[in-house]
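Examination of the molecular architecture
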Amino acid sequence: MIKGYAESEAPREGVVLYGEMVRRGGAAEADLYTYTYVLKAAAKGMDGKVGECVHCVTVRDGFDGLVFVGNGLVNVYAVCGWVESARKVFDEMGERNLVSWNSVINGVGLNGRPDEVLELVRRMVGEGVVPDGFTMVSLLMACAEMGALALGRRVHGYVVKVGLDGNLHAGNALLDCYAKCGRIREAGLVFQEFRERTVVSWTSLIVGLAVNGFGFEAIELFKKMEAEGLVPTDITFVGVLYACSHCGMVDVGLDYLNEMEEKYGIVPKIEHYGCIVDGLGRAGKVREAYKFILTMPLQPSVVIWRSLLGASSIHGYPALAEAARAEIVKLEPKHCGDYVLLSNLYASEKRWSDVQKVRKRMFKDGVNKIPGYSLVELRNRVYEFIMGDKSHSRDKLIYEKLAEIMNLLRLEGYVPHTANVFADIEEEEKDTALSYHSEKIAIAFMLINTAPRTPITVIKNLRVCADCHVAIKLISKIYDREIVVRDRSRFHHFKDGSCSCRDYWVAFARMSLLLALHSTGEMETPADII
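Rules of the game
Residues numbered from 1 in each chain as written. Predicted model: local features only at pLDDT ≥ 70, side-chain atom pairs only at ≥ 80, totals over all residues. Heavy atoms only, no water. Pairing = 2+ DSSP bridges. Helix = DSSP H or I, 4+ residues; strand = E, 2+ residues; numbered from the N terminus. Contact = heavy atoms within 4.5 Å. Axes fitted to C-alpha atoms, helices over the stretch in contact; angles between N-to-C directions. Parallel < 35°, antiparallel > 145°, perpendicular 65-115°, else oblique. Left-handed = near helix turned anticlockwise from the far one by under 90°. Nonpolar A, V, L, I, M, F, W, Y, C, P; charged D, E, K, R; others polar. Buried < 20%, exposed > 50% of the residue type's maximum accessible area, 1.4 Å probe, protein only. Salt bridge = Lys/Arg side-chain N within 4 Å of Asp/Glu carboxyl O. Core = buried A, V, L, I, M, F, W, Y, C linked by side-chain atoms within 4.5 Å. 1 Å grid on protein atoms, 1.4 Å probe; cavity = no way out; pocket = protein on both sides within 12 Å on 5 of 7 lines; lining within 4 Å. Points joined across faces, edges and corners; volume = space filled by probe spheres on them. Disulfide = S-S within 2.5 Å. Expected span 1.5 Å × (residues − 1). pLDDT = per-residue confidence, 0-100.

Consider a sheet: its strands pair through backbone hydrogen bonds, and that pairing is either parallel or antiparallel. Pairing is mixed in the open sheet, where six strands are placed in the order β2-β1-β3-β4-β5-β6. Among the strands making up the open sheet, the edge pair consists of β2 (381-386) and β6 (498-499). Contacts from helix α25 (residues 438-449) reach β1 (373-378), β2, β3 (456-460) and β4 (483-486) within the one sheet, and its direction differs from that of β1 by about 15°.

We now examine the packing of helix α19 (residues 302-315) against helix α20 (residues 318-331). The N-to-C vectors of α19 and α20 enclose an angle of 155°; their axes lie 8 Å apart at closest approach. Viewed along their axes, α19 and α20 adopt a mutual orientation that is roughly antiparallel. Crossing handedness for the pair α19 and α20: left-handed. Facing α19, whose interface residues are Val302, Trp305, Arg306, Leu308, Leu309, Ser312 and Ser313, α20 presents Leu320, Ala321, Ala324, Glu327, Ile328 and Leu331. Here the residues of the contact of α19 with α20 sort into nine nonpolar, two polar and two charged.

Despite not being glycine, Arg453 shows a phi value in the positive range, around 70°. Along the chain, Arg453 falls in the loop between α25 and β3. A relative accessible area of 65% places Arg453 in the exposed class. Phi is positive for Asp496, which is not a glycine, with a value near 55°. One can find Asp496 in the loop between β5 (491-495) and β6. The exposed category is assigned to Asp496, whose relative accessible area is 51%.

Time to look at the environment of Arg502. With respect to the helices and strands, the residue Arg502 is situated in the loop between β6 and α27 (504-517). As for Arg502 and His492, which are separated by 10 residues in sequence, their C-alpha atoms are 9.3 Å apart. Residues contacting Arg502, with those up to four places away along its chain left out, are Gly213 and Phe216.

A word on the pattern of salt bridges. Side chains carrying opposite charge are able to pair once their charged atoms draw close together. Using the criterion set out here, one finds 21 salt bridges in the structure. For Arg87, the salt bridge goes to Glu116, with nearest N and O atoms at 2.9 Å. Of this pair, Arg87 sits in helix α6 (residues 83-92) while Glu116 sits in helix α8 (residues 114-126), and the two are 29 residues apart along the sequence. Here Arg87 falls in the buried class, since its relative accessible area comes to 13%. Owing to a relative accessible area of 18%, Glu116 belongs among the buried residues under this scheme. In this structure, the salt-bridge partner of Arg123 is Asp91, at a minimum N-O distance of 3.6 Å. Highlighted residues: Arg123 in helix α8 and Asp91 in helix α6, separated in sequence by 32 residues. Looking at Arg123, the relative accessible area reads 26%, which means it is partly exposed. The network of salt bridges with shared partners includes Glu84, Arg87, Asp91, Arg113, Glu116, Glu119 and Arg123.

Bringing the nonpolar core into the picture now. Counting 115 residues, the largest nonpolar core has Ile105, Leu205, Tyr256, Phe292 and Leu308 as the members making the most contacts within it. Considering each element in turn, this core owes the most residues, eight residues, to helix α9 (residues 133-146). Core analysis: the second largest hydrophobic core is formed by 33 residues, Ala442, Ile443, Cys468 and Ile483 among them.

For the rest of this paragraph, the subject is the layout of surface pockets. Size it by volume and the second largest pocket reaches roughly 1,400 Å³. As for the second largest pocket, its lining consists of 47 residues, of which Met141, Ala144, Glu145, Asp176 and Lys180 are closest to the centre. At eight residues, α9 tops the list of elements feeding residues into the lining of the second largest pocket.

We now examine the pairing of β1. Extensive coverage of β1 is indicated by the burial of five of its six residues. The antiparallel pairing of β1 with β2 creates a hairpin that spans two residues between the two strands, and Arg379 there sits at a positive phi of about 50°. By the bridge criterion, two bridges tie β1 to β3 in an arrangement that is antiparallel. Along β3, the bridge assignment pairs Leu375 with Ile459.

This part covers the environment of Val76. Assignment of secondary structure puts Val76 in helix α5 (residues 67-79). For Val76, a relative accessible area of 0% translates into the label buried. Each C-alpha atom, one on Val76 and one on Leu39, is 6.5 Å from the other, the two residues being 37 residues apart in sequence.

Tallied over the entire structure, the rule returns zero disulfides. As a non-bridged cysteine, Cys143 has Cys177 as the owner of its nearest cysteine sulfur, 5.1 Å distant. No disulfide involves Cys244; its sulfur sits 7.9 Å from that of Cys247, the nearest cysteine. Note on Cys244: relative accessible area 1%, which makes it buried.

A separate point is the packing of helix α17 (residues 270-282) against α19. Two packed helices can be described by the angle between their axes and the distance between those axes. Direction vectors running N to C along α17 and α19 enclose 5°, while the axes themselves pass 9 Å from each other. The angle between the axes of α17 and α19 places the two elements in the roughly parallel class. Residues Ile270, Tyr273, Gly274, Val277, Asp278, Gly281 and Arg282 of α17 touch α19, and the partners they reach there are Ile304, Ser307, Ala311 and His315. Residue classes in the contact of α17 with α19 are distributed as five nonpolar, four polar and two charged.

With 17 residues, helix α23 (residues 395-411) should reach 24 Å at 1.5 Å per residue; the first-to-last C-alpha distance of 24 Å fits that figure. One or two residues past the end of α23 sits Gly413, with phi positive at roughly 95°.

Attention now moves to the confidence of the model for the chain. On average, the chain scores 83 in pLDDT, and the residues at 70 or more come to 88%. A low-confidence stretch, residues 420-431 stays under pLDDT 50, and its non-local contacts, those more than four residues away or across chains, total 20 contacts. Across residues 507-530, where pLDDT falls below 50, the model places 36 contacts with residues more than four positions away in sequence or in other chains.

Here it is in structure tokens:
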């Protein structure tokens, strides 16, 4: 019965039944199989406390040394986010099998530790354990997270070599890896080679196209999927609405939002409404975005209010920014990004006293700004750079290359976009600050260390600024390089002086900053805007 519940949609009942069994006692004593399936039920129900209690009982009864029990404990701790506990159980296991390794590798990967995934896979292979399809999926997910394209390609080669290329899960993970590393053409080739394509396969490529800036292509692929007779899922529609959001197709996005429920019976979730709010904000329709939030059938999440705050800051709506900030404070009061957006909005209007107030509030609340960084991969190693970084052993050569780049940019007519430097300093200092942004340093490093015409991929944790966007377009033209930048919200594919985003968000950002800088009227209130 416990096994049946553990493998059903009601795993909690299996835990309840185990509790009843313990209370009754008598002849019905727990054994190896009991603990294995109770732990499986706890993992499926993401109940870490139950896993912890069962762990104590297995230690008391001497079952904790058995590999099946150990695997169950690793799994339940990992899926509940208790990574340190999962690692501790795994490291203390006297006997490990392939399931043990896959459980801990998958666990650290799901909890955002891709570097640990790589380290564990190396240990696993070093101990003579042969990876299988599940291992490859976890490894490809880690490569995707880190933007480790070269390693992803090596994994692809291994998958083909051992005959796992027919494994649908590995294939979907491979497609996702290429898409998240900015190689959407290679993702498309993987998709074309699938012997069988599920909704997951179609959805992976739709989302991949959308985040890589190919929104129109994503919509066309969605139409082909519908023509094939496949029924989209709620995740498919997230990809479709994301594509509409990032390509300015706001009205099309609203049509798809209505189609979800009317045609497919899928009730829109907060993620779908979030895409619409984001799309309206990106299109400069900030007032409409605010009205849409107020009329949503779901309670707005902190992500949605943060999206409105970002749009209000970019497009020059201080009253709406402060209204959004007030809602965010109620839901998540100490997120550094919200303080930064509000501070930048005040700085764009040269309200330096208000900037100081926001910064003092950050200090008082103990909030630290997350530093921006850029990652690049070279010869199977990932390098990290921060603004003004001089920690690299070849920093002298890097900054010489950076000076060369800036000189060539100016010859091409580049003028630093100093409106992006939200600080009360001289223009010359702003120029210098912009030239030391982490993505520019990372690109200079790659230009030194790679052959001419080799594509460059940069992974950023923050959004790329308008100045870097303009500069990288010109760098791609001057050095004849394809440069892919993955920032926190999308990909930018730079080639021959152009970007895949078609400068959509940059154009609106520039226009709105100019409006904000030249604004002299009285501040509107949210009520006035409605």
